[in-house]
Amino acid sequence: MAKGGDMMAFNDERWSSLRGGYKVVYDPRPALRRLAVHYGDKSVWDELWNELHHQGDVGDASYAAVVELARISEGQTPVYWGAYGLAATIEEARLIDGRNPSIPDWIEPHYKAAWQTLFQLALRDLAVMTDEATVTYALAVVALHRGRFNLGRMAMCTEDERAEMLRDYFGR
């Protein structure tokens, strides 16, 4: 992982008390272990999406999972769009909603390093990928990483939603 010191210890007991998007204890390590072996397993991605984010709510398990998603995704070319999408969704929720917890001190340096990694991977994938999901969420990662919150949020909208916003603003 790019900069930020040693990785979080996967055997750290704090993982077992983390909370996910439902604000209940959720340890993402079993799903992340499966993902490391079967990166394209839709059921694992579905579990992570369901447990780490719920109606704008995220938890400290969400932040810890982003670190591991970045680490696992480093070995993938291209990165699965869901890694970008889930990380961007978690970051948006963290920044927009004061009800969500702050990043715990023991996770924070790793979370920042994970975002640097995701940023670099997104730039790489944007140079060659053309599918809508990858382009959409990789752009959101780039915008959020560069501190362009509203641009990142707009990137995560559907093409129809962006068109509607532009019509509302410009009248066409």
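Throughout what follows, the structure given in this document is the object of discussion.

1. Considering helix α4 (residues 81–96)
Move 1: Along its 16 residues, α4 runs 22 Å from first to last C-alpha, staying within 8% of the 22 Å computed at 1.5 Å per residue.
Move 2: Across the 16 residues of α4, 12 count as buried, placing the element largely inside the fold.

2. Some points on the pattern of salt bridges
Move 1: Within this structure, the stated rule accounts for 11 salt bridges.
Move 2: Across the salt bridge formed by R99 and D57, the nearest N and O atoms sit 3.1 Å from each other. Of the two residues, R99 sits in the loop between α4 and α5 (108–126) while D57 sits in the loop between α2 (42–52) and α3 (60–73), which places them 42 residues apart along the sequence.
Move 3: Residue classification places R99 among the exposed positions, given a relative accessible area of 57%.
Move 4: For D57, a relative accessible area of 14% translates into the label buried.
Move 5: The salt bridge partner of D125 is R124, with a shortest N-O separation of 2.9 Å.
Move 6: A relative accessible area of 30% places R124 in the partly exposed class.

3. Considerations on a negative patch on the surface
Move 1: There is a patch of like negative charges on the surface, built from D131, E132, D160, E161, E164 and D168.
Move 2: The element contributing the most residues to the negative patch is helix α8 (residues 159–170), with four residues.
Move 3: Relative to the helices and strands, E161 is located in helix α8.

4. Brief notes about the nonpolar core
Move 1: Formed by 48 residues in total, the largest nonpolar core has its most connected members in L48, L52, V66, Y84, I90, I107 and Y111.
Move 2: Those elements that place two or more of their residues in this core are α1 (29–37), α2, α3, α4, α5 and α6 (132–145).
Move 3: If we ignore the near neighbours within four places in the chain, the residues touching V66 are A87, I90, Y111, A114, W115 and L118.

5. Considerations on a nonpolar patch on the surface
Move 1: A surface patch of nonpolar side chains, about 400 Å² in accessible area, is lined by L166, Y169 and F170.
Move 2: Relative to the assigned elements, L166 resides in helix α8.

6. Notes on the environment of G21
Move 1: Within the secondary structure, G21 is located in the segment before α1.
Move 2: For the pair G21 and V141, spaced 120 residues apart in sequence, the C-alpha separation works out to 20 Å.
Move 3: Filtering out sequence-adjacent residues up to four positions away, G21 remains in contact with E51, L52, H53, H54, D57, V58, G59 and S62.

7. Concerning the packing of aromatic side chains
Move 1: With the rule as written, the count across this model stands at eight aromatic pairs.
Move 2: With a centroid separation of 6.2 Å and an interplanar angle of 40°, the aromatic rings of W49 and W81 are classed as tilted. Note that W49 is positioned in helix α2 and W81 in helix α4, a separation of 32 residues in sequence.
Move 3: Classification of W81 as partly exposed rests on a relative accessible area of 28%.
Move 4: Note on Y80 and W81: the rings are 5.4 Å apart at their centroids and 45° apart in plane angle, and the pair reads as tilted.
Move 5: Grouping aromatic residues by their ring pairs yields a cluster made of Y39, W45, W49, Y80, W81 and Y137.

8. A look at α5
Move 1: Taking 1.5 Å of rise per residue, the 19 residues of α5 would be expected to cover 27 Å, and the 27 Å separating its terminal C-alpha atoms lies within 8% of that figure.
Move 2: Listed as buried for α5 are H110, Y111, A113, A114, W115, T117, L118, F119, L121, A122 and D125.

Reading the values: rules and limits
Residues numbered from 1 in each chain as written. Predicted model: local features only at pLDDT ≥ 70, side-chain atom pairs only at ≥ 80, totals over all residues. Heavy atoms only, no water. Helix = DSSP H or I, 4+ residues; strand = E, 2+ residues; numbered from the N terminus. Expected span 1.5 Å × (residues − 1). Buried < 20%, exposed > 50% of the residue type's maximum accessible area, 1.4 Å probe, protein only. Salt bridge = Lys/Arg side-chain N within 4 Å of Asp/Glu carboxyl O. Patch = residues over 30% accessible without salt bridge, like charges linked within 9 Å, V, L, I, M, F, W, Y side chains within 5 Å. Areas by Shrake-Rupley, 256 points an atom, 1.4 Å probe, with all protein chains shown as cover. Lys, Arg positive; Asp, Glu negative; His and termini not counted. Charge placed at Lys NZ, Arg CZ, Asp CG, Glu CD. Core = buried A, V, L, I, M, F, W, Y, C linked by side-chain atoms within 4.5 Å. Contact = heavy atoms within 4.5 Å. Phe/Tyr/Trp six-rings, centres within 6.5 Å; stacked < 30°, edge-to-face > 60°.

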